[in-house]
Amino acid sequence: MSGISTRDQLFHFTDDLEASLDYDPGETFDCDNIILCGVGGSAVSGDFAADCCFTESLVPIRLSKYPDLPSWVGPRTLAVVSSYSGNTAETMEMYRQAKTRGSTVVAVTSGGQLKAAAEGAGDKLVLLPEGMHPRHAIGYMIGYTLAVIHAAGGPDLSDRIKDFIPALREFRDEHALPSGCLARRLATELSRKVPVICSDSSMRSVAFRWKTQVNENSKFVAFCDSAPLFNRGSLATWCDTIRENYLLILLVGADDSMCNNTSYLEAAAATLRESEAHVEVIRLGGRSTLENMFRAIILGDYMSIYMAERRGIDAAEVRPVMQMKAKLSECGH
């Protein structure tokens, strides 16, 4: 692993994103549908890209985090197969199945078996910089994935994202400060509490990113949910049950063409306060749902790092995950 610290890799997320937005695949992909294949941090980037395109894409986009691809994947499918290391056993199985079914494949990786297989088969290969923590290569992976989706008939979001890159940098700089920022305050609140992150449906992938960053960086349990299902299934329980060991966090954006259900979270917040249930409402403050999605990634990433620091934990160490991956590779899964 590179000597670049986890904190520095978080700081460069916005720069990585900006650099990848100018990526041109150099070709178009004629397909009926797109499947984004990956597990772990690579799956999060695909999940996020799919959320970004959900309301606008005329081409169906689905995510697969399992070794077995759905039966509809075939010759008219574009399979974007992502693995930072290139050696993830489950992802390599998805690559094998996509090739067997005659799908067009784009491989996104820094090397390993996936790079070798894609080069050998003549697949489109998108190379990531080496030496990063896989989960912190998300800036590059989101930008590259969105570029490939656009080349396959999906929406072009690059100019819209570039427009708020300066605001993202300001938001990042606020949370990289040594004291006084929201990310640090949340980390302090969560020093003895389990986070339960809930977002509107447009940021479902972001809520999951918060969960996994707390899991991997802070080595702590976390849960996630999204509205409107939260309001219909979990709200009453939160109002009626004392949950002193948990902190419910509501990530609230603002309605626009990408999202029109933030009212569910505002209603949930009001109901919870009436019942005197403790809830942390975070209004992200961006000018659009798209900007709020990226702001939320930055906030959650920094919060998870500050949680790790408060607990005296090395955020970069993921020995159990590496042991599991090794066992899966040995088993051929």
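The structure displayed is predicted, hence computed values, not measured ones.

Caption draft 1: Inspection of the sheet that holds strand β8 (residues 246–252) at higher detail. In spatial order, the strands read β7-β6-β8-β9; together these four strands make up an open sheet with parallel pairing. Unpaired on one side and paired on the other, β7 (223–226) and β9 (279–283) mark the two borders of the sheet. In this sheet, adjacent strand axes meet at a mean angle of 20° when their direction is disregarded. Sheet strands touched by helix α13 (residues 262–274): β6 (194–199), β8 and β9. Its angle to β8, the strand with the most contacts, is close to 145°.

Caption draft 2: Representation of the pattern of salt bridges in the model. Evaluated as defined, the whole model comprises 22 salt bridges. When the shortest N-O distance is used, the salt bridge between R135 and E216 registers 3.5 Å. Here E216 lies in helix α10 (residues 204–218) and R135 lies in the loop between β5 (124–127) and α6 (138–151), a separation of 81 residues in the sequence. When its relative accessible area of 5% is taken as the criterion, R135 is described as buried. For E216, a relative accessible area of 22% puts it in the partly exposed group.

Caption draft 3: Fine view of the sheet that holds strand β1 (residues 33–37). With parallel pairing, the five strands of this open sheet are ordered in space as β2-β1-β3-β4-β5. Lying at the two open borders of the sheet, with one neighbouring strand each, are β2 (61–64) and β5. Pairwise comparison of adjacent strand axes, ignoring direction, gives a mean angle of 20° for this sheet. In this structure, β1 lies alongside β2, joined through four bridges in parallel fashion.

Caption draft 4: Spatial organisation of the side chain of T109. Mapping T109 onto the fold places it in strand β4 (residues 104–109). Here the side chain of T109 touches G111 through a polar contact of 3.1 Å, landing on its backbone oxygen. The contact partners of T109, leaving out residues within four places of it in the chain, are S83, Y84, S85, G86, L114, K115, L125, V126, L127 and L128.

Caption draft 5: Representation of the nonpolar core within the structure. The biggest cluster of nonpolar side chains holds 75 residues, and the ones touching the most others in it are I34, L78, I161, V206, W210, L290 and F294. Of all the elements, helix α14 (residues 289–310) adds the most residues to this core, at 13 residues. Residues contacting I161, with those up to four places away along its chain left out, are L17, L21, L146, L290 and F294. With 17 residues, the next largest nonpolar core counts C198, W238, L265 and L272 among its residues.

Caption draft 6: Fine view of the packing of aromatic side chains. Here the structure, examined in full by the defined rule, presents six aromatic pairs. Ring geometry for Y23 against Y144: centres 5.1 Å apart, planes inclined by 80°, an arrangement best described as edge-to-face. Of the two residues, Y23 sits in the loop between α2 (13–21) and β1 while Y144 sits in helix α6, which places them 121 residues apart along the sequence. Residue class for Y144 comes out buried when judged on its relative accessible area of 13%. Taken together, a centroid distance of 5.9 Å and an interplanar angle of 35° make the contact between Y302 and Y306 tilted. Residue Y302 and its partner Y306 are located together in helix α14, separated by four residues, close to a single helical turn. Judged on exposure class, the residue Y302 and its partner Y306 are both buried.

Criteria and thresholds
- Residues numbered from 1 in each chain as written.
- Predicted model: local features only at pLDDT ≥ 70, side-chain atom pairs only at ≥ 80, totals over all residues.
- Heavy atoms only, no water.
- Pairing = 2+ DSSP bridges.
- Helix = DSSP H or I, 4+ residues; strand = E, 2+ residues; numbered from the N terminus.
- Axes fitted to C-alpha atoms, helices over the stretch in contact; angles between N-to-C directions.
- Contact = heavy atoms within 4.5 Å.
- Salt bridge = Lys/Arg side-chain N within 4 Å of Asp/Glu carboxyl O.
- Buried < 20%, exposed > 50% of the residue type's maximum accessible area, 1.4 Å probe, protein only.
- Polar contact = N/O pair within 3.5 Å; in protein donor to acceptor, adjacent residues only side chain to side chain.
- Core = buried A, V, L, I, M, F, W, Y, C linked by side-chain atoms within 4.5 Å.
- Phe/Tyr/Trp six-rings, centres within 6.5 Å; stacked < 30°, edge-to-face > 60°.

By themselves these figures say nothing about function.
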